[in-house]
Amino acid sequence: YFDNSVLCSEREIQSLSAEIESLKNPQNLSPLPGLDELREENAKLKYRLNVLKRSLQEDPCDCSKSMLNINQRLQEVFGDAIRVSFPELHNPPLAVTPNQQAKFGDYQCNSAMAMAQMLKAKGAKVSPREIAEKIVQNLPDNEFIQKTEIAGPGFINVHLKKTFVSRLLTNLLMNGVQPPPLASRKKVVVDFSSPNIAKEMHVGHLRSTIIGDSMSRLFEFLGYDVLRLNHVGDWGTQFGMLIAHLQDKFPDYLTVSPPIGDLQAFYKESKKRFDEDEDFKKRAYRCVVRLQSKEPDFLRAWNMICDVSRREFQKVYDCLDIKLVERGESYYQDRMTRVVKEFEDRGLVELDEGRKIVFTPGQSLPLTVVKSDGGYTYDTSDLAAVHQRLFEENADIIIYVTDSGQGPHFQLVFAAAQMIGWYDPKVTRVEHAGFGVVLGEDKKKFKTRSGDTVRLMDLLEEGLKRSMDKLKEKERDKVLTPDELLKAQRAVAFGCIKYADLSHNRINDYIFSFDKMLDDRGNTAAYLLYAFTRIRSIARLANIDESTLRRAAETTEIVLDHEKEWKLGKCILRFPEILQKILEDLLLHTLCDYLYELATTFTEFYDSCYCVEKDRQTGEVLKINMWRMLLCEATATIMAKCFDILGINPVQRM
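Everything numeric here is computed off the predicted structure, so don't read it as measured data.

1. Topic: empty space enclosed by the protein
Phase 1 of the analysis: Counted under the stated rule, the structure contains 2 cavities of 30 Å³ or more.
Phase 2 of the analysis: What the largest cavity holds in volume is close to 50 Å³.
Phase 3 of the analysis: Lining of the largest cavity is provided by Met67, Leu68, Leu168, Asn171, Leu172 and Leu573.
Phase 4 of the analysis: It is helix H7 (residues 162–175) that contributes the most residues to the lining of the largest cavity, 3 residues altogether.
Phase 5 of the analysis: When its residues are assigned to classes, the lining of the largest cavity shows 5 nonpolar, 1 polar and no charged.

2. Comments concerning the sheet that holds strand S11 (residues 397–400)
Phase 1 of the analysis: On the basis of which strands lie adjacent, the open sheet formed by 5 strands has the order S7-S6-S5-S11-S12 and parallel pairing. Edge positions in the sheet fall to strand S7 (325–326) and strand S12 (429–432), since each has one partner strand and no second.

3. A short note on the packing of helix H12 (residues 296–320) against helix H17 (residues 482–502)
Phase 1 of the analysis: At a minimum axis distance of 10 Å, the contact between H12 and H17 shows a crossing angle of 100°. Taken as axis vectors, H12 and H17 run roughly perpendicular relative to one another. Note on element contacts: H17 touches H12 through Arg490, Phe494 and Lys498, opposite Asp318, Cys319 and Leu320.

4. A few points about the sheet that holds strand S10 (residues 367–370)
Phase 1 of the analysis: One open sheet holds the 3 strands; their spatial order is S8-S9-S10, and the pairing between them is antiparallel. In this open sheet, the two edge strands, each paired with only one partner strand, are strand S8 (350–352) and S10. The sheet shows a mean angle of 45° between the axes of neighbouring strands, taken without regard to direction.
Phase 2 of the analysis: By the bridge criterion, 3 bridges tie strand S9 (residues 355–358) to S10 in an arrangement that is antiparallel. Looking at S10, one finds that Lys356 is bridged to Val370.

5. Considerations on the environment of Tyr530
Phase 1 of the analysis: Relative to the helices and strands, Tyr530 resides in helix H19 (residues 525–541).
Phase 2 of the analysis: Take Tyr530: its relative accessible area is 10%, and that puts it in the buried class.
Phase 3 of the analysis: For the pair Tyr530 and Val651, spaced 121 residues apart in the sequence, the C-alpha separation amounts to 9.5 Å.
Phase 4 of the analysis: Residues within four places of Tyr530 in sequence aside, it is in contact with Leu471, Lys474, Asp520 and Met654.

6. Let's talk about H17
Phase 1 of the analysis: Counted at 1.5 Å a residue, the expected span for H17 with its 21 residues is 30 Å, and the 30 Å between its end C-alpha atoms agrees.
Phase 2 of the analysis: For H17, the tally of buried residues reaches 15 of 21 residues, placing the bulk of the element in the interior.

7. Focus on the UniProt feature "domain: DALR anticodon binding" (unreviewed entry) in the protein chain
Phase 1 of the analysis: According to UniProt, the feature "domain: DALR anticodon binding" (unreviewed entry) maps to residues 528–654 in the numbering used here.
Phase 2 of the analysis: Between the end C-alpha atoms of residues 528–654 there is a gap of 12 Å, over a span that is 69% helix and 6% strand.

8. Concerning the packing of aromatic side chains
Phase 1 of the analysis: The final tally for this structure, using the stated rule, is 17 aromatic pairs.
Phase 2 of the analysis: Ring centres 5.4 Å apart and planes at 40° place the aromatic pair Phe144 and Phe164 in the tilted group. One end of the pair, Phe144, is in the loop between helix H6 (128–137) and strand S3 (145–151); the other, Phe164, is in helix H7, and 20 residues separate them in sequence.
Phase 3 of the analysis: The buried category is assigned to Phe144, whose relative accessible area is 0%.

9. A few points about the state of the cysteines
Phase 1 of the analysis: Using the criterion set out here, one finds 0 disulfides in the structure.
Phase 2 of the analysis: In this model Cys571 remains outside any disulfide bridge; the closest cysteine sulfur is found in Cys642, 9.5 Å from its own.
Phase 3 of the analysis: When its relative accessible area of 3% is taken as the criterion, Cys571 is described as buried.

10. A word on the nonpolar core
Phase 1 of the analysis: In this structure, Phe78, Leu206, Phe512, Phe575, Leu591 and Ile638 are the most contacted members of the largest nonpolar core, which totals 166 residues.
Phase 2 of the analysis: Residue contacts for Leu206: discarding those within four places in its chain leaves Leu320, Leu456, Leu459, Ile497, Asp501, Tyr510 and Phe512.
Phase 3 of the analysis: Ranked by size, the runner-up nonpolar core spans 30 residues in total, among them Phe343, Ala385, Trp422 and Tyr423.

11. Some remarks on the pairing of S11
Phase 1 of the analysis: The alternating pattern of S11 places Ile397 and Ile399 on one face and Ile398 and Tyr400 on the opposite face, and all of these are buried.
Phase 2 of the analysis: Inspection of the sheet shows strand S5 (residues 187–191) paired to S11 by 4 bridges, in the parallel sense. Paired with Val189 across the two strands is Ile398, which belongs to S11.

12. Some details on the environment of Asp520
Phase 1 of the analysis: By the secondary structure assignment, Asp520 is in the loop between helix H18 (514–517) and H19.
Phase 2 of the analysis: Filtering out sequence-adjacent residues up to four positions away, Asp520 remains in contact with Lys470, Lys474, Ala526, Tyr527 and Tyr530.

Conventions adopted
- Residues numbered from 1 in each chain as written.
- Predicted model: local features only at pLDDT ≥ 70, side-chain atom pairs only at ≥ 80, totals over all residues.
- Heavy atoms only, no water.
- 1 Å grid on protein atoms, 1.4 Å probe; cavity = no way out; pocket = protein on both sides within 12 Å on 5 of 7 lines; lining within 4 Å.
- Points joined across faces, edges and corners; volume = space filled by probe spheres on them.
- Helix = DSSP H or I, 4+ residues; strand = E, 2+ residues; numbered from the N terminus.
- Nonpolar A, V, L, I, M, F, W, Y, C, P; charged D, E, K, R; others polar.
- Pairing = 2+ DSSP bridges.
- Axes fitted to C-alpha atoms, helices over the stretch in contact; angles between N-to-C directions.
- Parallel < 35°, antiparallel > 145°, perpendicular 65-115°, else oblique.
- Contact = heavy atoms within 4.5 Å.
- Buried < 20%, exposed > 50% of the residue type's maximum accessible area, 1.4 Å probe, protein only.
- Expected span 1.5 Å × (residues − 1).
- UniProt positions renumbered as here; feature names shortened; annotations may be inferred.
- Phe/Tyr/Trp six-rings, centres within 6.5 Å; stacked < 30°, edge-to-face > 60°.
- Disulfide = S-S within 2.5 Å.
- Core = buried A, V, L, I, M, F, W, Y, C linked by side-chain atoms within 4.5 Å.

Below you can see the structure in the form of structure tokens.
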């Protein structure tokens, strides 16, 4: 495959070289009126020729179309230099970060200060500045560092080559946003959303659903094999009272589908009877036993109740564009028995007043795997779930997205799974990604005026109403077609709700405010969606279509001489670094911060560098700066991928 691509490239080089030679010949040019156009074509061909020559000179194995992580490359060369300079240091610190101030360069290596401390501990007194000088001397040859400068006590400031950054931008435009190649395609299980059957989805489920979906999208984009699991609460004693109430209220439920319109009200009615009527309570317990024995009529009643809930959940998932595989607690019933037996066989179970409990190393509280009445618990089902995911799904990474209050529970479950030898945390990543609660504007738990939990569907409908009001306030209804207006309404409503959640550090509580999230100033989805639409419209208003931009990417060198061009180019290329960081800490607000920085950096560029010159009277396009149009396109391409990972659906017109 590579030999063929080399032959094609060499043929293209020969062809382009011949064209350039013919264009150089004055006899060919003298009679032609379009001399300027030919010279411009000549420059483009030369640029294309250089791109092809460079691609042939590079390592044949390095034929990747992926975006390069500049920070990672810098860490590799500085890591090599540090090891050569100070081989006596075991695991020396490696700190390379983007420079906050442009005048000091583009990146900075800050390892020298920490290394001086390590050397001092070994009895060697070397100043950080001397260490920095030695590191710089031993930097291997590379294609991207223009120069280095040592500042202050030992900071190494790195200036990148403009041609290198320009080439990476061209690669992005020609190949799209390609993730870095994976050493192996790992299996990832993300457990999120997880509402309870027969109960409404409320605002508490909003965060798990949005955060879990975005994490899944990130892993999917990076090429992992992702299983999105909805661990619904579909088993337990509450189904006894629901089935008993169903039998009383709809005695012919087996032949006529019961018209349960409001499952929440149905649940409350059955709970009231369960609490007040002793006979009903006894019958409810008998129903649980018969359900757990899998009697067909009771399984059918259970399925009917689950189906009513599923339809309600699906309305929310359709609004938010969420894809999930349902695998509730009922799925693990048979597996729980086997898991308890495995712990017993290994001598890890203790008896405590009729309960079967498991203590894990370093934890004062035990897991309860069997209750005194013989029933199983959340502890048992979560142990069975983690076992199934490790041994049947063969997961390399398992992420649980629930509120931070469940953190201690998951720490016990993970500790037990490690203790029994199910997984090694150095090999398999099993993690609880906790999040804070949603607060109202009064900074108390988000409730309705009557003190009830806010229904998620009510919240989404309120978002739709408010986003339409906002669009009409901006008179978009006079510009957009009815279909475009509806698309914009959904994009703004659901985009703003998702972004407001994701743009906050998930570990913290966050205040839910429609006014703030629909504000088109500052770090909000409303501002970013409008900014994206404006960037996309620049080429359209200049009558430049996609094929023209693609041809331009192949033939036009992206010049980065203006400070705002340079700043924007570097910002665009930081995208792989951002994804790498999120992959490590699962904090998605970093992506939102980057997206906002990219949009504001673009605004600075657009205000300072003309892209399209128009006649002020007629509006006719006079001049187009094509490399700046390509910077617009590269910005929009990265913004679109950020929106995709965040689960936000931008529209062409707003």
